[in-house]
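Close look at the chain arrangement
For reference, the chains in residue letters:
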Amino acid sequence: MSDNAVELNKTKNPNKFQVRADLHVHTTFSKDSLITPKDLVYYSKKRGLNAVAVTDHDQLEGAYKIAKETDFLVIPGMEVSSADGHIVALNVQELIPRGFSAVETVERIHRAGGVAIACHPYVYFKGCLREKVSGTFDAIEVINARAFPFKSSVKKAEEAAERLKLTRVAGTDAHYGSQIGYGYTVIEAAERSVEAIAKAIVDGHCQPFGQPVPPIINLEQQFLRLRRIAKKFSPS
Ligand SMILES: [Zn+2]
Ligand SMILES: [Zn+2]
């Protein structure tokens, strides 16, 4: 991974705490992920991150459980399957139900004290929002390191960010340990806390970085996932 000239904890403002976080990671609390809580912390540290958001599909419990059990800075969140596409909700205090419209889902995230992020809004093979992205979101995931096609999805998301004046963030959408950190956001928070990070994102004090996850790593993930499924169904 190339270094993007952002040095951790060296900020323009010495009163700020600089966070380098992958804001979109799935753990084994999502059925389709291979990332155990142990992997989450190990690979986040290995990639030079000092925080990570857990955003499992339509559930929140695992994220809070992991956050409680580690000293590593875990931002609890979830990825909500709205009727219009996927939406990442960070720092929500209650489960956001799936199946509502994007407008209703964003309102519910705000009522639950959370940050609403339009994730991978212009990709193939994932529930994406496209024209449902609006100015009511707190941020847009301009870089999703596992987006396909990568370049055009970044370009379209950048254009939407510009048009709707949305804060730009990045994450990997990791489902396998060594994918973590290919997309990350640098956030200037007032202090080392989830609340301060959430506020900094809402206030736009952040910058997206990243590159696509190398295809070999995605292949490895698919192989291990298929092997796990095969094991489950093989007679013991
Ligand atoms: Zn998604
Ligand atoms: Zn995801």
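What comes next concerns the included structure. (Residues numbered from 1 in each chain as written. Chains lettered and ligands numbered in written order. Predicted model: local features only at pLDDT ≥ 70, side-chain atom pairs only at ≥ 80, totals over all residues. Heavy atoms only, no water.)

1. With respect to the overall build of the protein
- Counting secondary structure elements, the protein contains six helices and nine strands.
- Over its C-alpha trace the protein gives a radius of gyration of 17 Å, about what one expects of a compact globule, namely 18 Å for 236 residues.
- Considered along the principal axes of its C-alpha atoms, the protein spans approximately 60 × 40 × 35 Å.
- Expressed as a percentage of its 236 residues, the buried residues of the protein come to 52%.
- Restricting to contacts in the protein with at least 6 residues of sequence separation, those with at least 24 account for 61%.
- Carbon and sulfur atoms form 55% of the exposed surface of the protein, whose accessible area is close to 11600 Å².
- Side-chain charges in the protein split into 31 positive and 27 negative, and the spacing between the mean points of these groups amounts to 5 Å. (Helix = DSSP H or I, 4+ residues; strand = E, 2+ residues; numbered from the N terminus. Rg over C-alpha atoms; globule rule 2.2 N^0.38 Å. Buried < 20%, exposed > 50% of the residue type's maximum accessible area, 1.4 Å probe, protein only. Contact = heavy atoms within 4.5 Å. Areas by Shrake-Rupley, 256 points an atom, 1.4 Å probe, with all protein chains shown as cover. Lys, Arg positive; Asp, Glu negative; His and termini not counted. Charge placed at Lys NZ, Arg CZ, Asp CG, Glu CD.)

2. Observations regarding the coordination of the zinc ion (ligand 1)
- Bound to the zinc ion (ligand 1) on the protein side are E79 (OE), H86 (ND1) and H120 (NE2), at distances that span 1.9 to 2.2 Å.
- If you list the donors of the zinc ion (ligand 1) from N- to C-terminus, the spacing comes out as E-x6-H-x33-H.
- Between the two metal centres, the zinc ion (ligand 1) and the zinc ion (ligand 2), the spacing is 3.6 Å, with E79 acting as a shared donor. One exposure class covers both E79 and H86, and it is buried. (Donors = N, O, S within 2.8 Å, 3.2 Å for Na, K, Ca; no water.)

3. Thoughts on the coordination of the zinc ion (ligand 2)
- Distances from the zinc ion (ligand 2) to its protein donors, namely H24 (NE2), H26 (NE2), E79 (OE) and D173 (OD), fall within the range 2.1 Å.
- Taken together, the four donor atoms surrounding the zinc ion (ligand 2) define angles of 84 to 174° at the centre, an arrangement classified as irregular.
- Each donor residue of the zinc ion (ligand 2) lies on one chain, and together they are spaced H-x1-H-x52-E-x93-D. (Tetrahedral: all angles 85-135°; square planar, octahedral: opposite > 155°, others 65-115°.)

4. Observations regarding the environment of N15
- Counting through the fold element by element, N15 comes out in the segment before β1 (17-25).
- Owing to a relative accessible area of 64%, N15 belongs among the exposed residues under this scheme.

5. Remarks on the pairing of β1
- For β1, the buried fraction is high: eight of the nine residues fall into the buried class.
- As paired elements, β1 and strand β8 (residues 183-189) share five bridges and run antiparallel to each other. What sits directly across from A21, in β8, is T185.
- In the sheet, β1 pairs with strand β2 (residues 51-57) via three bridges, with the strands oriented parallel. Each residue of the ladder has a partner; that of A21, found in β2, is A51.
- In the classification by handedness, the crossover that spans β1, the intervening helix α1 (residues 37-46) and the parallel β2 is right-handed. (Pairing = 2+ DSSP bridges. Right-handed = clockwise from strand over helix to strand, strands pointing away.)

6. Side note on the environment of T28
- As for its placement among the helices and strands, T28 is situated in the loop between β1 and α1.
- C-alpha of T28 to C-alpha of N144: the two residues are 116 residues apart in sequence and 20 Å apart in space.
- Beyond its immediate chain neighbours, meaning those up to four positions away, T28 contacts S33, L34, I35, T36 and P37.

7. Focus: the state of the cysteines
- Taken as a whole, this structure holds zero disulfides when the rule is applied.
- Here C119 stays free of any disulfide, with the sulfur of C128 as its closest cysteine sulfur at 9.4 Å.
- Since its relative accessible area comes to 0%, C119 is described here as buried. (Disulfide = S-S within 2.5 Å.)

8. What to know about the sheet that holds strand β4 (residues 85-90)
- The nine strands lie next to each other as β7-β6-β5-β4-β3-β2-β1-β8-β9, forming an open sheet whose pairing is mixed. The two strands at the open ends of the sheet, each matched to only one other strand, are β7 (167-171) and β9 (206-210). Pairs of neighbouring strands in the sheet enclose a mean axial angle of 30°, with direction left out of account.
- Note: β4 against strand β5 (residues 115-118), four bridges, orientation antiparallel. (Axes fitted to C-alpha atoms, helices over the stretch in contact; angles between N-to-C directions.)

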